[in-house]
Amino acid sequence: MKTVSLFLLELAVLSSASPHFARQYQIASPHDWIPAGPDDFRGPCPMLNTLANHGYFPRDGRNLTKPTVVKGLAGGLNFNESLAELMFDMAIVANPEPNATFFTLDQLNVHNVLEHDASLSRTDAFFGSNHIFNETIFNTSRAFWTADTVTADMLANSKIYRQIESKAFNPEYKFTATTEQFSLGEVAAPIIAFGDIENFTVPKDLMEYFFVNERFPTELGWKRKEHVMGVLDVMKVSQAIGKATSLITGGEEAVAKLRRGDFHAGML
């Protein structure tokens, strides 16, 4: 019969060789951060990857069913059921199988389904990997976050720059109206998860830590919001980012007139 010490020694050797084996037998909190292993799926969304790295989603990035997504978003970010179900319904289209009931994180990598050009932290698909964190791209984005507290305007500026850069250098650049609406939610995500949804701000150190590590910034003092986040909260922050992307000065009334086409003939 094997001694306990021999068994533990074998366990340590196997654990060091296999991240899946280590996860199976780890004694720490089930939501400790563990980076993806070589056989794990990850996608272009740093927040979904983070949820997998913390075990709120399956750590291998597979079999994300609606109940799994609802439970994971509630546990990791305190999203209510309606918001979580909406996010699942948006993501399930990435699974090409008819009547699919789950998706995997790598299915989100297919270009121009949900993944798109001009990401804040990924390169365009035309230039290479569209889902792995790209430090050069990220540095161009965070150059616009010019204070310790990042505002909606700063986030909008980084979004605008990435679109201009992508449009200028990517001969296959594509950014539809649907993509724009989806993108606004993505840019709003750091405020929703880590910031102030009333003033539309987020601490820069929390946001940078999250993007670079795909990890919740608990080491920096972050805790999951007590407020249960719903669809209206996301819409409010997304709309604030959308307003901040306007390059027209003169207030909201001038922007509204322009969008209505309320021009004076004498100005043409």
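Keep in mind that this is a model prediction, so the values were computed, not measured. (Residues numbered from 1 in each chain as written. Predicted model: local features only at pLDDT ≥ 70, side-chain atom pairs only at ≥ 80, totals over all residues. Heavy atoms only, no water.)

> When you look at the overall build of the chain in this model, what are you seeing that I'm missing?
In terms of helices and strands, the chain carries 11 helices and 4 strands. In the chain, which comprises 268 residues, the proportion classed as buried is 41%. Accessible surface computed for the chain: about 14,700 Å², of which carbon and sulfur atoms make up 59%. (Helix = DSSP H or I, 4+ residues; strand = E, 2+ residues; numbered from the N terminus. Buried < 20%, exposed > 50% of the residue type's maximum accessible area, 1.4 Å probe, protein only. Areas by Shrake-Rupley, 256 points an atom, 1.4 Å probe, with all protein chains shown as cover.)

> Help me out: how do you make sense of the pattern of salt bridges in this one?
It is possible for side chains bearing opposite charge to pair when their charged atoms get close. If you walk through the whole model with that rule in mind, you get 8 salt bridges. With a closest N to O distance of 3.3 Å, D89 and K66 form a salt bridge. One end of the pair, D89, is in helix 5 (residues 81-91); the other, K66, is in helix 4 (residues 66-77), with 23 residues separating them in the sequence. The partly exposed category is assigned to D89, whose relative accessible area is 39%. (Salt bridge = Lys/Arg side-chain N within 4 Å of Asp/Glu carboxyl O.)

> Sorry if this is basic, but what is going on with the side chain of D124 here?
Structurally, the position occupied by D124 is in the loop between strand 2 (102-103) and helix 6 (135-142). Relative accessible area serves as the criterion here: at 3%, D124 is assigned to the buried category. A distance of 2.9 Å separates a polar side-chain atom of D124 from the backbone nitrogen of A118. A distance of 3.0 Å separates a polar atom in the side chain of D124 from a polar atom in the side chain of N170. Ignoring sequence-local partners within four residues, the contact set of D124 consists of D117, A118, R162, S166 and N170. (Polar contact = N/O pair within 3.5 Å; in protein donor to acceptor, adjacent residues only side chain to side chain. Contact = heavy atoms within 4.5 Å.)

> Quick question: what am I supposed to make of the environment of S238 here?
The residue S238 is located in helix 10 (residues 231-244) in this model. Taking the C-alpha atoms as reference points, S238 and I191, separated by 47 residues in sequence, lie 9.6 Å from one another. Setting aside residues up to four positions removed in sequence, S238 forms contacts with L184, G185 and A188.

> Just to check I follow, could you spell out the packing of helix 6 against helix 7 (residues 152-169) for this structure?
Think of two packed helices as two axes; the pair is described by the angle between the axes and how far apart they sit. Closest axis-to-axis distance for the helix 6/helix 7 pair is 8 Å, and the angle between their directions is 130°. Judged by the angle between their axes, helix 6 and helix 7 are oblique. Note on element contacts: helix 7 touches helix 6 through S158, Y161, R162 and E165, opposite I137, T140 and S141. Broken down by class, the residue content of the contact of helix 6 with helix 7 amounts to 2 nonpolar, 3 polar and 2 charged. (Axes fitted to C-alpha atoms, helices over the stretch in contact; angles between N-to-C directions. Parallel < 35°, antiparallel > 145°, perpendicular 65-115°, else oblique. Nonpolar A, V, L, I, M, F, W, Y, C, P; charged D, E, K, R; others polar.)

> Even after reading the chapter, I still don't get helix 4, so can you show me in this structure?
A turn of α-helix holds 3.6 residues, and therefore any two residues three or four places apart point the same way. Between its terminal C-alpha atoms helix 4 stretches 16 Å, which fits the 16 Å expected from 12 residues at 1.5 Å a residue. When we look at burial in helix 4, the residues that qualify are V69, V70, G72, L73, G76 and L77. Where the residues of helix 4 are buried, they touch helix 3 (46-53), strand 1 (64-65), helix 5, strand 2 and helix 8 (177-194). (Expected span 1.5 Å × (residues − 1).)

> So what exactly am I meant to see when it comes to the confidence of the model for the chain here?
One rule of thumb: low pLDDT means the predicted coordinates there are not for detailed reading. Here the chain averages 88 in pLDDT, while 83% of its residues score no lower than 70. Between residues 1-22, whose pLDDT stays under 50, and residues either more than four places distant or in other chains, the model counts 11 contacts. Considering only residues more than four positions removed or in separate chains, one finds that residues 263-268, a stretch of pLDDT under 50, has 1 contact. (pLDDT = per-residue confidence, 0-100.)

> I keep staring at unusual backbone geometry and nothing clicks. Help me out?
Of note, N63 is a non-glycine position whose phi angle comes to about 55°, a positive value. Residue N63 is classed as partly exposed on the basis of its relative accessible area of 43%.

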